[in-house]
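Residues per chain are reported as follows:
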Amino acid sequence: MINNTLASLLEQHDKWLITTHKGPDGDAIGSVVAWAEYARQNNKEYLILLADQPPSFLLPFLSDYHWEVYVPNTDYIYELIFALDYNAPQRVGEQMSNFIEHTSGVKIMIDHHPDPINFCQIMISDVDACSTTEVIYKTLDSLDKLGKINEAMAKGLYLGLVTDTGSFRYSSVSAFTHQMVAKLFLTGFKHELIHQAVFDNNSISRLQLRGFALSQKLKLFPQYGIGLISLSRGELQQFDYQKGDTEGLVNEILSIKGYTIGIFLMEIEDGVKLSFRSKGERYVNEFAKIYFNGGGHKNAAGGFYADSLSSVLTRLEGLLNKL
Ligand code: 5GP
Ligand code: MN
């Protein structure tokens, strides 16, 4: 049923606005790029509207497409609004969420985060999918449009898979994921270039920031199998912090033998942003939701707390027994 409705919406409407969450990661950008390519193939007038500036390593993926960062009080008049890789309007930030909630366009969610909020007329939410790009692929399959996947689209779809699965390591990866990769390979895109763009793009200061974090700022709680790293604004400035520089740092904690939860705290302008990662049956999303105004996946969640870094650390350490 949803497919017939979706198929006719896609056919009837020519003005597509493609959005994703604030602080876009590889899956967010891979998803918008793949969908923009699909829009382009179907001669749609599209715009990728981002809530904020993406990290520089993701910019090359956007270079062939129309995109901009949301400008408050602008009338973006589009017939279809795609909400890719997010499950609640708040995930695009306060100002853009107001626009998303009130726009007159038909909203279509394609996502894989648990507990989606019902803010779209069409909700394609597959919480078992390892990435939103996997959900996009399944959606194209159900529309009988897999034949539309070309090299450019494959790049975006693969980017989302690689980044959301830790290079095909997490339990969310399925036989289907690998079948999808096999299909993408047939388009002739160069997978090694995607890995290079994502992982071999360190600046010296980024590498040194990570070395500093691991050697000086890692605090271990062996009784809980939990490790945490915190970085203050001063420390970030010392290493010329650029957006994306701490991406994946929290995963290093999970590589320590016997440690199954990693937490990263980063001081930002108005508080502290937290990232949680876990392995196996230890889940972090409920904890992030209850205590740190956040949420996410069972094994990868985030949150925010408006207080000083030292207060948030004290609060967090007092709560570790709840994890
Ligand atoms: P990251 O640690 O990479 O910022 O976020 C990991 C995952 O946690 C994201 O994919 C997203 O699902 C979720 N997440 C991060 N921050 C928030 C937040 O503030 N609210 C909610 N609901 N989810 C978040
Ligand atoms: Mn994702």
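Residues numbered from 1 in each chain as written. Chains lettered and ligands numbered in written order. Predicted model: local features only at pLDDT ≥ 70, side-chain atom pairs only at ≥ 80, totals over all residues. Heavy atoms only, no water.

A.B. asks: Would you mind going over the nonpolar core with me for this structure?
C.D. replies: Most often, soluble globular proteins keep nonpolar side chains buried together rather than apart. Grouped together as the largest cluster of nonpolar side chains are 49 residues, with contacts concentrated most on Trp 35 and Leu 184. Here the element with the most residues in this core is helix 2 (residues 26-41); it accounts for eight residues. Those residues in contact with Trp 35 that sit more than four places away from it in its chain are Leu 10, Trp 16, Ile 18, Phe 82, Leu 84, Ile 110, Ile 136 and Leu 140. Counting 21 residues, the second largest nonpolar core, distinct from the first, contains Ile 226, Ile 263, Leu 274 and Phe 292. (Core = buried A, V, L, I, M, F, W, Y, C linked by side-chain atoms within 4.5 Å. Buried < 20%, exposed > 50% of the residue type's maximum accessible area, 1.4 Å probe, protein only. Helix = DSSP H or I, 4+ residues; strand = E, 2+ residues; numbered from the N terminus. Contact = heavy atoms within 4.5 Å.)

A.B. asks: Mind showing me how you'd approach the sheet that holds strand 6 (residues 122-125) here?
C.D. replies: Note: strands within a sheet are paired through backbone hydrogen bonds, in either parallel or antiparallel orientation. Spatial strand order, 3-2-1-4-5-6: six strands in an open sheet with parallel pairing. Because the sheet does not close on itself, it has two edges, and the strands there are strand 3 (67-69) and strand 6. Averaged over all pairs of adjacent strands, the angle between strand axes in this sheet comes to 20°, irrespective of strand direction. The pairing of strand 4 (residues 80-84) with strand 5 (residues 106-111) spans five bridges and is classified as parallel. Looking across to strand 5, one finds that Ile 81 is bridged to Lys 107. (Pairing = 2+ DSSP bridges. Axes fitted to C-alpha atoms, helices over the stretch in contact; angles between N-to-C directions.)

A.B. asks: It is not clear to me how the coordination of the manganese ion (ligand 2) should be interpreted in this structure. Could you clarify?
C.D. replies: Put simply, the ideal angle at a metal is 109.5 degrees for four donors in tetrahedral geometry and 90 or 180 degrees for six donors in octahedral geometry. Distances from the manganese ion (ligand 2) to its protein donors, Asp 27 (OD), Asp 85 (OD), His 112 (NE2) and Asp 164 (OD), fall within 2.2 to 2.4 Å. Mapped onto the sequence, the donors of the manganese ion (ligand 2) take the spacing D-x57-D-x26-H-x51-D. Here His 112 lies in the loop between strand 5 and strand 6 and Asp 85 lies in the loop between strand 4 and helix 4 (94-102), a separation of 27 residues in the sequence. This pair shows no difference in class: Asp 85 is buried, exactly as His 112 is. (Donors = N, O, S within 2.8 Å, 3.2 Å for Na, K, Ca; no water.)

A.B. asks: Would you mind showing me how to read the sheet that holds strand 9 (residues 261-268) here?
C.D. replies: One open sheet holds the six strands; their spatial order is 7-8-9-10-12-11, and the pairing between them is mixed. The outermost strands of the open sheet, each flanked by one partner alone, are strand 7 (218-221) and strand 11 (295-296). Where strand 8 (residues 226-231) lies against strand 9, six bridges are found, and the strand directions are parallel. In the strand pairing of strand 9, Gly 227 is matched with Gly 262. Packing against the sheet, helix 12 (residues 285-292) makes contact with strand 10 (271-278), strand 11 and strand 12 (300-305), and its axis sits at approximately 10° to strand 12.

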